[in-house]
Structures are given as C-alpha cells and as structure tokens.
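# Chains, contacts and geometry: an overview
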Amino acid sequence: MRLLFVVMTLFAALIAAAPRTDARSLPSSPQTATIPANEDGYDLWLRYRPVDPASRPAYAAAFASIVRHGNSPTIDAAVAELQRGALGMLGRELQVSEEDALGGAVIIGTPATSRFVASLKLPLAGLGAEGFAIRSVAMHGRVSIVIAANSDIGVLYGVFRFLQQIQTRQKLNGIDITDSPKLQVRILNHWDNLDRYVERGYAGQSLWDWQKLPGYKDPRYTDYARANASIGINGVVLTNVNANAEILKPEWLVKVRALAEVFRPYGIRVYLTARFSAPIEIGGLKTADPLDPAVAAWWKAKADEIYRVIPDFGGFLVKANSEGQPGPGDYKRSHADGANMLADAVAPHGGIVMWRAFVYSAENAEDRAKQAYADFQPLDGTFRDNVIVQVKNGAIDFQPREPFHPLFGAMPRTPLMMEFQITKEYLGFATHLAYLGPMWEEVLQSDTFRPREGVTVADTLDTPVRPGAVTGMAGVANIGTDRNWSGSQFDQANWYAFGRFAWDPDSKSDAIARDWARMTWSDDPATVGAIVAMMGGSREAVVDYMTPLGLAHLMATGHHYGPGPWVANLARPEWNPAYYHRAGKDGIGFDRTKTGSDALSQYADPLAKRWGNPETTPENLLLWFHHVPWDRKMTSGRTLWEELLAHYDRGVASVAAMQARWEEQKGRVDHRRWSEVSDFLAIQHAEAKWWRDASIAYFQSVSGRPLPAGVAAPEHDLDWYKAIDSKYAPGNGK
Ligand code: BDP
C-alpha cells in the first residue's frame with residue numbers, strides 16, 4: 001500500500017494557521033482564564049478554532065484521514081486547507097493517501113481523476129466546472145465523506161464548504177450537498193493605484209506590493225486567494241477604474257503575472273482596467289478613436305502581448321467618459337463602439353470586457369439619475385457577445401439606500417452585471433458597523449416588472465440573455481494591508497457576504513450573517529444571535545442617521561466623510577448635496593415624477609405608477625421620488641418634519657443599542673477584537689450624533705420649523721458644523 005505522508009511539507013502552513021495570542025492586552029479580571037485567546041482578525045472566517053470536546057469525536061470519526069485523487073496545484077491547495085481545518089478544529093494532522101479509502105476518510109477528486117468518484121455516479125452533470133457534491137458514504141462500517149466535482153476548482157470549493165460545515169457545527173453523517181454558482185464572473189474590483197494608494201480605501205495600502213513584484217510574492221497573497229476561494233470569488237481586477245495606462249507596459253505585466261500565478265490554483269483570474277487613451281499615452285498614437293484601424297490594431301497587439309504573459313488573463317474593466325475618464329465619447333463614438341473594439345481584441349483569447357454604465361456628464365443638465373439609462377438602454381443588442389455591462393446597484397452612487405438601477409431588466413439582449421460597493425465610502429468608512437447584506441438583498445430581491453411582475457434584479461443577473469452568455473457580479477473591494485484586511489473586524493462580513501451573493505444572488509443576508517458570525521466570532525448561540533441581530537439592523541441605522549426617507553448624497557465634499565447637506569456652491573450641480581435634497585421653505589425631496597425630472601419613466605409601468613404617487617411610494621424612498629411639504633402626514637401620524645427628526649434619533653439610538661449588545665459580549669469573545677469593535681462603536685455613536693445634529697441644524701434653518709417637545713436641540717449651531725473641515729479624511733487622494 002502506497003501511503004503518502006505530507007505532514008512535513010504542510011508544517012509551515014499549519015503554523016501560520018495556528019491561533020495567535022497576545023497576553024499583554026488581556027484584561028486583568030478574574031475571568032481571564034475563560035476569555036478566548038486574543039486574535040487580530042487576520043484569519044478572517046477561516047479561523048478553524050477547536051471544536052468543543054463533546055462534539056469533536058463525531059467530526060474526528062468522519063474526518064480521520066484524507067484521500068486525494070488528483071494531482072494539481074489546486075488539489076494541493078485543497079489538501080492543505082483540509083489539513084489546516086483538521087489541525088485547527090480537531091487538533092491533529094491527518095494522513096494523506098492516494099489509495100482508495102478506509103473508513104473515516106475525506107475523499108476528494110473528480111470522475112476523471114478518481115475511479116472511486118466515477119463509480120459513485122454522483123449528480124455532477126448539471127454542476128458545471130465550479131459546482132461540487134459532498135456526500136457521506138458508509139465504508140467499512142464507518143462514515144467517509146466524498147467531495148467530488150467536475151474539475152479541481154470545484155473540488156476546492158467543495159472542500160471549503162465541507163470545512164464550513166464543521167465550523168458551523170453541522171452534522172457530517174448523512175451530509176448531502178450539491179451546489180454550483182449561479183453567476184459566472186464573481187469578481188472583486190480593487191480601486192488600487194500603482195503607488196498603492198487605494199481610492200475609497202479605509203484598510204491601509206493596496207495589497208499589491210508592486211515594487212517588490214515579481215521577485216517577492218508576499219505570502220499574504222495566498223491567504224487573500226484562500227479567502228476569496230472560500231466564498232467562490234473567481235476574479236480580481238487589480239487596478240483602479242480611474243485607470244493608469246502604465247499597468248499595460250511590459251515591465252508591469254510581469255508583475256501582474258506573478259500575482260496571477262499565486263491566484264491560479266485558487267481559481268482566480270486577474271483582470272486589469274484599460275485606460276481608453278492608452279494608445280496615445282503609452283502607444284505613441286495620435287488618437288484613441290475606437291473606429292480608427294490603427295487604434296484597434298494597437299489594442300489587439302496589446303491583448304496578444306498580455307495573453308502571451310498571462311494565458312488565462314480574464315479581460316478588461318473600463319470606466320469611460322465618466323468623471324473625467326477618457327472614452328469613445330471623446331471621438332463622438334458610442335459606448336458600444338468602444339466596448340466592441342476592446343472586446344474584439346480579447347475575444348480570440350476568451351477574454352471579456354466589463355464596460356461600466358456609471359456615466360454622467362457635467363455638460364448634461366439632465367437629472368443625474370437618468371443619464372446612464374439614457375446612454376445605455378438604446379444600445380441594447382449592439383454589444384459583442386463577450387461584453388458585459390457593469391451597472392451599479394442604484395442610479396446615483398452606492399448611497400445607503402437607493403431604488404434599484406432602472407437598467408436592470410431594461411436591456412434584455414445585453415448581459416448586465418451588478419456592481420456593489422463593499423468598501424463603505426458612503427456608509428461610514430471602516431469605523432461604522434454597517435453590514436451591507438440587507439442592502440444587497442433588498443436590491444437583488446426588487447421586482448423589476450420586466451418583462452413581467454415577479455422578475456427580480458437577481459433573476460435578471462442569473463438568467464443569461466442567450467445560452468452561454470456571460471453573467472456576473474462585481475464588488476468594489478474593501479481590502480488593504482491592515483492586519484484585519486478590511487479596516488474593521490465587522491467589515492470582513494461585507495467581503496464575505498459579497499462572495500455569497502455573487503455565488504447565489506438569491507441568498508438571504510441573515511443566513512450569511514449567521515454563518516459569518518459563527519465562523520468569525522463564536523460557537524455560543526447567544527453570542528452569535530446577538531451579533532447577527534446587531535448586523536441585521538446596522539445598515540438601517542446608517543440610513544436613519546445619514547439619509548432617511550429616500551434622501552441621498554448629503555455627504556461632505558470630496559472625501560464624503562461626515563454631513564454636508566448645506567453644500568451648494570460646487571461647480572457641477574450634481575456634486576452638491578443641495579441638488580439632491582432640494583429642501584426649501586415649502587418642503588424637501590427630488591421630484592422625479594412627470595412634474596419633475598421624470599426619471600420614473602425609466603422604470604416599468606407598474607413601478608412608475610406605484611412610485612409616481614407619494615401615497616403608494618414606500619416611505620423609505622419618498623424623498624427620492626417626490627418633493628413633499630414639511631407638514632405632509634406620514635403613516636405614523638407624524639408630519640414629515642417630525643418623521644425626519646424621529647429617523648435621526650432612531651439612527652443614533654440604534655448605535656447605542658449596538659453598543660449595549662456589544663458590551664454584553666465582553667469576555668465572550670476575545671478581548672483584543674472585542675475592544676477594537678467597542679472603540680469603533682463609540683466612534684460611530686459620536687459620528688451618528690454629528691450627522692443627526694448637523695442635519696437637523698441645517699434642515700431646521702431651511703424649513704423654519706420648531707423642534708417638537710422631546711427632540712433634543714443640536715449640540716452646536718449650524719455654523720459650527722459647517723466649519724468642520726476633514727480634508728485629510730482617507731480615500732480621496734494623496
Ligand atoms: C464614486 C467614487 C469615485 C469613483 C466612482 C466610480 O467617489 O471615487 O471613482 O464612484 O465608481 O462613488 O467610478
């Protein structure tokens with residue numbers, strides 16, 4: 001019998017997975033002994049902490065050895081991950097064999113690499129290249145677990161799911177899971193500049209240490225890839241949408257290749273942003289006109305060059321003719337002209353072009369919310385097959401609440417992918433605890449009424465526009481060099497949730513939060529319950545204290561840190577908060593009905609009708625679509641003015657409630673992470689109050705209304721809030 005022991009080679013990796021302790025920051029209370037060891041968050045949701053002794057035997061019985069069928073870097077990664085899990089959760093390293101199993105083994109392979117797997121006739125046919133099946137089988141009187149897929153990457157995904165079953169303490173006996181992703185391209189967009197500055201990044205510098213690449217590949221890249229693979233993310237755009245053509249030069253492409261090599265075993269392809277004017281900037285051409293044959297030839301040659309260096313390069317992401325970026329419009333060409341030219345360049349290599357629909361222009365006096373639809377909808381059906389149009393979840397810009405973007409469902413012949421923002425540019429940066437799962441679920445479950453009632457945004461994403469057409473979801477990453485990756489412990493949940501929604505847009509945010517909390521914080525149901533409850537209400541709290549009742553874009557100029565509803569003097573109208581709230585003596589809100597900008601006409605008729613009437617518009621979107629008087633009666637019986645105040649107060653109170661819940665978790669989770677969260681919640685509370693007070697002071701100055709009894713006056717006068725200058729807030733430039 002040929003047994004392969006790989007314990008030694010895995011030793012280094014296992015050490016890295018071992019929990020870190022930091023005795024210095026333990027509190028000196030008598031309960032110290034029972035307090036979990038300190039952690040810094042580096043291990044994300046892949047902590048693999050020990051299973052309690054009572055449950056351990058059942059897991060140890062079915063997960064007593066590893067049988068690997070297959071020989072590839074991906075299978076190596078799968079085995080290494082199983083070993084990490086076994087060492088961390090069950091306290092021992094496992095024997096790895098290539099033979100058919102004894103009982104109590106985890107057996108991994110594909111029908112092509114494993115006669116045993118093939119003999120089981122598992123229902124792999126419909127699971128594609130990335131799906132997997134996990135089954136318990138009785139062998140020699142013991143339970144074994146088979147993790148099978150059509151490809152090695154499916155096996156790796158299955159391994160992560162298997163480990164998650166143990167992390168969340170599910171039974172292995174009788175386990176029967178088949179799953180496959182509903183979207184093809186599940187991708188992070190890093191807004192990372194080549195000097196490592198991260199636009200809208202609140203978690204340190206860019207992970208990509210370009211200066212040391214390709215010579216030095218930071219082990220952290222592997223951990224990043226593991227984390228992504230564990231949630232099914234299969235693509236990474238390495239560079240900012242506000243693009244720099246330099247990245248396309250040969251000396252940079254070898255650095256990109258080094259990252260691609262690290263990510264490849266984990267099923268992750270690299271993509272780059274393509275600066276539309278690159279043919280001029282680095283190609284020496286006089287024009288970047290997409291219909292100029294020399295320009296098309298330059299991009300074709302560039303694509304050929306990239307694929308010679310990185311054979312599985314994914315393709316390009318393009319921001320064109322938006323916020324100063326160059327694009328086909330500079331030559332009076334359409335977005336389709338630009339996208340198709342690039343698509344033709346990458347098509348021979350199987351690449352795709354993700355072309356962003358986030359466009360609005362300074363010269364266009366039209367309601368900004370209407371501009372993307374106006375530009376793109378008429379182009380339906382004119383894009384190449386390997387173009388996918390990337391649409392933000394709402395028509396303005398990643399606000400705490402927006403109605404879904406009217407383009408979803410409105411371009412039935414064009415693949416559209418969702419763009420969510422994981423980094424919290426408009427939801428309190430890294431310090432505010434805001435779990436974005438409920439926001440994403442709200443958007444994904446919105447009924448588009450296109451082509452008929454009941455077709456949700458999620459349906460439009462995961463139903464290919466023609467057989468084999470590309471589908472996808474992008475998330476603007478919140479990842480950087482901070483030890484905890486995301487700038488806060490709780491922002492890790494947004495990375496995690498993004499992966500889960502990209503895998504299955506019909507996921508439920510609560511279930512995702514529960515899995516995340518259990519893997520990231522604790523086994524204790526009471527603690528998990530408290531954390532899930534905090535997370536569940538956290539996004540609504542931000543809406544309440546920043547932009548309640550359908551208000552939007554009231555953040556301070558540039559950096560978007562803190563309130564600036566009074567700002568009305570910026571050059572471009574749509575940069576001013578006053579443009580969005582339109583508050584005056586008569587009332588507040590943006591009239592997007594027929595009497596106003598008529599943006600509503602971009603939605604399907606039943607929705608346009610429903611939202612066209614303030615009485616049938618959900619109150620949480622009221623001021624998005626309507627300009628209404630301050631004394632309008634709301635369903636609560638309060639006037640709009642009173643209701644607005646009540647929302648601000650509720651927002652601040654919700655943060656206080658989170659603080660109280662978190663206080664109860666002291667000693668139930670490790671002290672180091674607990675106290676970081678506790679400090680951040682205190683910052684959030686102070687900033688929520690800042691938002692409330694500044695907003696009330698401003699809107700009172702406009703409405704002229706008194707504060708009803710019981711509503712506290714803002715702590716300072718309006719001028720005090722206006723004088724706050726946060727010009728060095730992060731994320732907005734160097
Ligand atoms: C806005 C950001 C800006 C981005 C832009 C985009 O403020 O930094 O470049 O979105 O998505 O929200 O292109």
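Since the model is a prediction, treat every value here as computed from it, not as a measurement.

Attention now moves to the side chain of T547. For T547, the location among the structural elements is in the loop between α16 (525–546) and α17 (577–581). Among the residues examined, T547 registers a relative accessible area of 0% and is labelled buried.

With that settled, the discussion passes to the environment of Y603. Here Y603 is to be found in the loop between β16 (587–588) and α18 (605–612). Residue classification places Y603 among the buried positions, given a relative accessible area of 5%. For Y603 and A410, which are 193 residues apart along the polypeptide, the C-alpha to C-alpha distance reads 8.3 Å.

All right, on to the sheet that holds strand β14 (residues 416–421) then. A barrel is described by the order of its strands in space; here eight strands give the closed sequence β8-β9-β10-β11-β12-β13-β14-β15, paired in parallel fashion. On average, adjacent strands in this sheet sit at an angle of 25° to one another, irrespective of strand direction. Strand direction decides the pairing type here: strand β8 (residues 185–189) and strand β15 (residues 472–476), joined by five bridges, are parallel. Each residue of the ladder has a partner; that of V185, found in β15, is G472.

Domain boundaries assigned for the protein chain yield domain 1 (56–179), domain 2 (185–510) and domain 3 (544–590 + 627–722). Of note, the centres of domain 2 and domain 3, computed from C-alpha atoms alone, are 31 Å apart. If you look at the interface, domain 2 gives 25 residues, while domain 3 gives 27 residues. A combined buried area of about 2100 Å² lies between domain 2 and domain 3, and 58% of that area is made up of carbon and sulfur atoms. Three residues stand out in domain 2 for area buried against domain 3, namely T431, H432 and Q489, and they jointly supply 26% of the buried area on that side. Between domain 2 and domain 3 we count zero salt bridges in total. At the junction of domain 2 with domain 3, the criterion picks out ten residue pairs in polar contact (both at pLDDT 80 or more). Partitioned by chemical class, the residues of the side of domain 2 that touches domain 3 number ten nonpolar, nine polar and six charged.

Two numbers describe how helix α12 (residues 437–444) lies on helix α14 (residues 492–503): the axes approach to 10 Å, and their chain directions differ by 25°. Between α12 and α14, the crossing angle belongs to the class labelled roughly parallel. As α12 packs across α14, the resulting crossing turns out to be right-handed. Residues G437, W440, E441 and L444 of α12 touch α14, and the partners they reach there are N494, A497, F498 and F501.

Oppositely charged side chains can pair when the atoms bearing their charge come close. Tallied over the entire structure, the rule returns 51 salt bridges. The shortest N-O distance in the salt bridge between R226 and E81 comes to 2.7 Å. Linking R226 in helix α6 (residues 219–230) with E81 in helix α3 (residues 73–90), this pair joins segments that are 145 residues apart in sequence. The exposure class of E81 is buried, given its relative accessible area of 2%.

Next up on the list: the nonpolar core. If you look at the biggest cluster of nonpolar residues, it comprises 223 residues, and the most contacted ones within it are F63, F162, F263, W299, W495 and F699. At twelve residues, helix α21 (residues 671–703) tops the list of elements feeding residues into this core. In this structure, F263 is in contact with W208, Y221, Y224, A225, L238, I268 and V270, ignoring residues within four places of it in sequence.

With that settled, consider the site of the ligand. Neighbouring residues of the ligand: 14 residues in total, closest E199, K319, R356, D397 and E425. With respect to the ligand, the side chain of R356 contributes an N or O atom lying 2.6 Å from an oxygen atom. A distance of 2.5 Å separates an oxygen atom of the ligand from a polar side-chain atom of D397. When its residues are assigned to classes, the shell around the ligand shows four nonpolar, two polar and eight charged.

This model, assessed by the stated rule, comprises 42 aromatic pairs. The interplanar angle of 35° and the centroid separation of 6.1 Å between the aromatic rings of Y224 and W495 together place this pair among those described as tilted. Placement of Y224 in helix α6 and of W495 in helix α14 is noted, with a sequence separation of 271 residues between them. Of the two residues, Y224 and W495, both sit in the buried class. Within the aromatic cluster, the residues linked to one another by ring pairs are Y42, W45, W208, Y221, Y224, F263, W485, W495 and Y496. Lying over the aromatic face of W485, R220 brings its terminal NZ or CZ to 4.0 Å of the ring centre. Residue placement shows R582 over the ring face of Y579; its charged tip is 4.9 Å from the ring centre.

A separate point is the side chain of T471. Mapping T471 onto the fold places it in the loop between α13 (457–462) and β15. Relative accessible area serves as the criterion here: at 4%, T471 is assigned to the buried category. Within the local environment of T471, its side chain forms a polar contact with the backbone nitrogen of Q184, the two atoms lying 2.9 Å apart. Setting aside its immediate chain neighbours within four residues, T471 contacts K182, L183, Q184, V185, I388, L461 and P464.

Our focus in this paragraph is the confidence of the model for the protein chain. Chain-level pLDDT for the protein chain is 94 on average; 95% of the residues reach the 70-or-more range. Note on residues 1–33: pLDDT is under 50 here. Beyond four places in sequence and across chains, it has 47 contacts.

On to the pairing of β15, then. Taking burial as the measure, the five residues of β15 include five buried ones, the bulk of the element. Side chains G472, A474 and V476 project from β15 onto one buried face, and the interleaved M473 and G475 project onto a second face that is buried too. In terms of strand pairing, β14 meets β15 through four bridges, oriented parallel. Within β15, the position partnered with M418 by the bridge is M473.

With that out of the way, let us pick up unusual backbone geometry. Leave glycine aside and you will find that most residues have negative phi; peptide bonds, for their part, are mostly trans. Along the chain, L213 connects to P214 via a cis peptide bond; the corresponding omega equals 0°. Along the chain, R450 connects to P451 via a cis peptide bond; the corresponding omega equals -5°. Mapped onto the elements, P451 comes out in the loop between α12 and α13. Not every positive phi belongs to a glycine, and L549 is a case in point at roughly 60°. With respect to the helices and strands, the residue L549 is situated in the loop between α16 and α17. Its identity is not glycine, yet H560 carries a phi of approximately 65°, on the positive side. Residue H560 is classed as buried on the basis of its relative accessible area of 12%.

What counts and what doesn't
Residues numbered from 1 in each chain as written. Predicted model: local features only at pLDDT ≥ 70, side-chain atom pairs only at ≥ 80, totals over all residues. Heavy atoms only, no water. Helix = DSSP H or I, 4+ residues; strand = E, 2+ residues; numbered from the N terminus. Buried < 20%, exposed > 50% of the residue type's maximum accessible area, 1.4 Å probe, protein only. Pairing = 2+ DSSP bridges. Axes fitted to C-alpha atoms, helices over the stretch in contact; angles between N-to-C directions. Domains from an automatic or database assignment. Contact = heavy atoms within 4.5 Å. Buried area = accessible area lost by both parts, 1.4 Å probe. Salt bridge = Lys/Arg side-chain N within 4 Å of Asp/Glu carboxyl O. Polar contact = N/O pair within 3.5 Å; in protein donor to acceptor, adjacent residues only side chain to side chain. Nonpolar A, V, L, I, M, F, W, Y, C, P; charged D, E, K, R; others polar. Parallel < 35°, antiparallel > 145°, perpendicular 65-115°, else oblique. Left-handed = near helix turned anticlockwise from the far one by under 90°. Core = buried A, V, L, I, M, F, W, Y, C linked by side-chain atoms within 4.5 Å. Near = heavy atom within 4 Å. Phe/Tyr/Trp six-rings, centres within 6.5 Å; stacked < 30°, edge-to-face > 60°. Lys NZ or Arg CZ within 6 Å of the ring centre and 35° of its normal. pLDDT = per-residue confidence, 0-100.

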